[in-house]
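The chain contents come next:
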Amino acid sequence: MAGVSESSRGGFSNKIGFVLAAAGSAVGLGNIWKFPFEVADGGGGAFVAMYLAFCFLLCFPVMMAEIAIGRKTNKNAVGAFETNGHKNWSAVGKMGVLSGALILSFYNVVAGWAFGFALEMIAGNFEIGANFGQFISDWHINLAFSSVFMFLTIYIVMKGVSGGIEKASKILMPSLLFLILALMGYALTQDGAMEGVAFYLVPDFSEITFDVAFSAMGQAFFSLSLGMGALITYGSYVGKKDNIAHSTAMILLTDVGIAFIAGLMMFAFIYSQGLQGTSGGAGLIFTVLPSAFESLGPVLGRVIGAAFFILLSFAALTSTVSLLEVPVAYVVDEHEVRRSRAVWIVGGLIFLLGIPSMLGNGTVDFFNNFITYSSGKTVNFMTFIENLASDTFLPLGGFFIALYTAWVWRGDNFKKELEQGNPGFGDTILGKYSIFALKFLVPIILGAITMVTISDKFLGLDLLEITRNLINDLIKFINT
Ligand code: PHE
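The present account deals with the structure reproduced in this document. (Residues numbered from 1 in each chain as written. Predicted model: local features only at pLDDT ≥ 70, side-chain atom pairs only at ≥ 80, totals over all residues. Heavy atoms only, no water.)

1. Here we look at the packing of aromatic side chains
Counting across every chain of the model gives 37 aromatic pairs. Residues Phe-117 and Phe-135 carry aromatic rings whose centres are separated by 5.1 Å and whose planes lie at 90° to one another, so their mutual orientation is edge-to-face. One end of the pair, Phe-117, is in helix H5 (residues 90–122); the other, Phe-135, is in helix H6 (residues 132–137), with 18 residues separating them in the sequence. As far as burial versus exposure is concerned, Phe-117 and Phe-135 are alike and both buried. Pairing Phe-151 with Trp-344 gives two aromatic rings, centres 5.9 Å apart and planes at 50°, and the pair type is tilted. With Phe-151 in helix H7 (residues 139–158) and Trp-344 in helix H15 (residues 339–359), this residue pair connects regions lying 193 residues apart in the sequence. Its end group placed over the ring of Trp-407, Lys-439 keeps NZ or CZ at 5.8 Å from the ring centre. (Phe/Tyr/Trp six-rings, centres within 6.5 Å; stacked < 30°, edge-to-face > 60°. Helix = DSSP H or I, 4+ residues; strand = E, 2+ residues; numbered from the N terminus. Buried < 20%, exposed > 50% of the residue type's maximum accessible area, 1.4 Å probe, protein only. Lys NZ or Arg CZ within 6 Å of the ring centre and 35° of its normal.)

2. A look at the site of the ligand
Neighbouring the ligand are 14 residues; Ala-26, Gly-30, Tyr-107, Phe-222 and Ser-225 lie closest to it. Summarising the interface, the protein chains cover 100% of the accessible area of the ligand, which totals 320 Å² for the free molecule. Most atoms of the ligand, that is more than half of them, are within 2 Å of grid points of the largest cavity. Of the residues contributing to the shell around the ligand, the split by class is 6 nonpolar, 8 polar and no charged. (Near = heavy atom within 4 Å. Areas by Shrake-Rupley, 256 points an atom, 1.4 Å probe, with all protein chains shown as cover. 1 Å grid on protein atoms, 1.4 Å probe; cavity = no way out; pocket = protein on both sides within 12 Å on 5 of 7 lines; lining within 4 Å. Sits in = over half its atoms within 2 Å of the grid points. Nonpolar A, V, L, I, M, F, W, Y, C, P; charged D, E, K, R; others polar.)

3. Considering the environment of Phe-81
Its place among the elements puts Phe-81 in helix H4 (residues 79–83). With relative accessibility at 1%, the residue Phe-81 sits in the buried group. In the structure, Phe-81 is positioned 11 residues away from Gly-70 in sequence and 9.2 Å away in space, judged by C-alpha atoms. Beyond its immediate sequence surroundings of up to four residues, Phe-81 is in contact with His-86, Lys-87, Trp-89, Ser-90, Val-92, Gly-93, Ile-232 and Tyr-404. (Contact = heavy atoms within 4.5 Å.)

4. Here's the deal with empty space enclosed by the protein
Taken as a whole, this structure holds 3 cavities of 30 Å³ or more when the rule is applied. Of the pockets and cavities examined, the largest cavity occupies roughly 130 Å³. Residue lining of the largest cavity: 16 residues in total, with Ser-25, Tyr-107, Phe-222, Ser-225 and Leu-323 positioned closest to the centre. Those elements that provide at least two residues to the lining of the largest cavity are helix H1 (15–26), helix H2 (29–41), H5, helix H10 (210–223) and helix H14 (298–335). Broken down by element, the lining of the largest cavity gets its largest block of residues, 3 residues, from H14. Of the residues assigned to the lining of the largest cavity, the class counts are 9 nonpolar, 7 polar and no charged. (Points joined across faces, edges and corners; volume = space filled by probe spheres on them.)

5. Comments concerning H7
For H7, spanning 20 residues, the distance from its first C-alpha to its last is 28 Å, which sits close to the expected 28 Å at 1.5 Å a residue. For H7, the set of buried residues is Asn-142, Phe-145, Ser-146, Phe-149, Met-150, Thr-153, Ile-154, Ile-156 and Val-157. Capping the start of H7 is the job of one residue whose side-chain oxygen sits 3.0 Å from the backbone nitrogen of His-140: Asp-138. (Expected span 1.5 Å × (residues − 1). Polar contact = N/O pair within 3.5 Å; in protein donor to acceptor, adjacent residues only side chain to side chain.)

6. Brief notes about the nonpolar core
Ranked by internal contacts, the top residues of the largest apolar core, which has 161 residues, are Phe-286, Phe-308 and Phe-309. For Phe-309, the contacting residues outside a window of four places in its chain are Ala-114, Phe-117, Ala-118, Met-121, Phe-286, Leu-289 and Phe-293. (Core = buried A, V, L, I, M, F, W, Y, C linked by side-chain atoms within 4.5 Å.)

7. Some points on unusual backbone geometry
Unlike most non-glycine residues, Glu-336 shows phi in positive territory, near 50°. For Glu-336, the location among the structural elements is in the loop between H14 and H15. Unlike most non-glycine residues, Arg-410 shows phi in positive territory, near 90°. Summarising the element assignment, Arg-410 is placed in helix H17 (residues 381–419). A residue is classified by how much of its surface remains accessible, and Arg-410, at 48% relative accessible area, is partly exposed.

8. Some thoughts on the environment of Ala-448
Position of Ala-448 relative to the elements: it lies in helix H18 (residues 429–459). Given the relative accessible area of 34%, Ala-448 is considered partly exposed. Through-space distance from the C-alpha of Ala-448 to that of Phe-214 is 9.9 Å; in sequence the pair is 234 residues apart. Those residues in contact with Ala-448 that sit more than four places away from it in its chain are Phe-210 and Pro-443.

9. Quick word on the side chain of Ser-90
With respect to the helices and strands, Ser-90 occurs in helix H5. Exposure remark for Ser-90: the relative accessible area of 4% places this residue in the buried category. Ser-90 has contacts with Val-78, Phe-81 and Glu-82, leaving out every residue within four places of it along the chain.

Spelled out as structure tokens, the structure:
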């Protein structure tokens, strides 16, 4: 196996194995469940344009940085910084471990819904879409499906990253892509679909606010599994001869491509069902898709509907595996706990952490209306954790990883690592751009958006207004 430092850590069988596993981590509920409702909430095309810009301009260099740090040090998200000689920076890795745990806690609940919907489709119960609210507020159902899901995740992580899941992805991931493409084709033939496409593709730039930019940025990081060291951990299993830039491009294109067509499919269905304008939130795909499947007829609808949710569950599983792998690799490497034991303990704790997310969808009032932001918006426990971990911690992690790579580890060392397996890359336009972006573009843009939005959301301070006033005062002062 390539790039394996210690036999207990496991590894990927070859380069394709790594790309598949990393793409498996990236492609998941983020693309198919979260992306469409974020687009709906973020005003359509403007959100999509910003999301694409973040992915290609900012996330591409950050992804290379994570993989390079992992491969260079052969370590987990925390140990990597220490091994590289910068112990203080391992705090970034610790934030990643925490983000992984928080994200997995709610992700596992949503994965349980997808799994449950697969069974509902097999049973031909298309009404489940209209009864989604009831479905998620039933804690028995949630507990059952999410335990099954966590159990599967634990089992796979215990066996190590290579093996069955790698083989299964080779068949199941392309199947998912094929199915979404086919459904997209079908969706586009429906009445009203084109209006949905226009909403999705034509940006209305007046919709762009810091808040929307903040969600688009969070979505880009979440969907690409970036900012929490998942790819540091996966990168630690990559062979020295592998071409990091090339692998990064493949992972990014796969992930963005799948999100993009899933979005097209969803907005065609949403508009053809006359549901435009509904925000839908976390329930969007679960309420819209069952009636779309029903329209395919009782037999075909069941087959396609079940296949869709089964493949979605599988895509979620390759993501939950990577989410659990980050804290587990940390515990195994840094605290010398046996892998099998670490997996059960960490997985079990994260499962418990997910229970409030399960109960906050109509079961327990305290978790239903968990927190009210300074904007006046009240959200449930799950959305709060999502806002905190995926929208805030991940870009913040990306911010620190960029600063670390460009200024502390330093651009030339990063360049050297990238050039192993890709000689001369540092002198190409892409290579030069990436170092420039990590030095300036990523920290400035991510820093600004995060600061403005966090202070507004959690502290009730309007930084933009404050800055505007400051500048006005300054101008007045100069003029007098
Ligand atoms: N990228 C995954 C998805 O889109 C979620 C994820 C986030 C996985 C962060 C690992 C790390 O579903």
